[in-house]
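Below are the chains, spelled out letter by letter.
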Amino acid sequence: MATASKQATVTNETGIHARPATALVQKASQFNCEVFIEKGEKKVNLKSIMGVMALAVRKGETITVSAEGEGAEKAVEELVAFIEGGLHD
């Protein structure tokens, strides 16, 4: 099974709170593979709004985006670019 992982630094002024978290979950949901986000020891499903918000990621923090399954590498690349681009298209 294809897997990929990459670190990203959060650039959004307010971190990953409600609105950016929603945008991130919607973006992650476009991919068929399993997608995860990690901060410290916590790893959550990137397609789960509650999981993403529970991480309380702030601006400047580094997180890890990982994926498993078909299209994992493409998913990770696009999600990291989305995060580092301020969480908007």
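Figured I'd write up the structure that's included with this text. (Residues numbered from 1 in each chain as written. Predicted model: local features only at pLDDT ≥ 70, side-chain atom pairs only at ≥ 80, totals over all residues. Heavy atoms only, no water.)

As for the pattern of salt bridges
In the structure shown here, the tally under the stated rule is four salt bridges. Its salt-bridge partner being K59, residue E13 comes within 2.7 Å of it at the nearest N-O pair. Of the two residues, E13 is situated in the loop between β1 (3–9) and α1 (18–28) and K59 in the loop between α2 (49–54) and β4 (62–68); the sequence distance between them amounts to 46 residues. Taking the relative accessible area as the measure of exposure, E13 reaches 62% and is therefore exposed. (Salt bridge = Lys/Arg side-chain N within 4 Å of Asp/Glu carboxyl O. Helix = DSSP H or I, 4+ residues; strand = E, 2+ residues; numbered from the N terminus. Buried < 20%, exposed > 50% of the residue type's maximum accessible area, 1.4 Å probe, protein only.)

Regarding the nonpolar core
Looking at soluble globular proteins, one finds that nonpolar side chains tend to be buried together. Residues I16, L24, I37 and L46 are the most contacted members of the largest nonpolar core, which totals 28 residues. Elements supplying a minimum of two residues to this core: β1, α1, β2 (34–39), β4 and α3 (72–84). Examining the composition of this core, we find that seven residues originate from one element, α3, more than from any other. Not counting residues within four places of it along the chain, the set of residues in contact with L46 comprises L24, V25, A28, V35, F36, I37, V52, V65 and L79. (Core = buried A, V, L, I, M, F, W, Y, C linked by side-chain atoms within 4.5 Å. Contact = heavy atoms within 4.5 Å.)

Everything listed is a geometric property; what it means functionally is a separate question.
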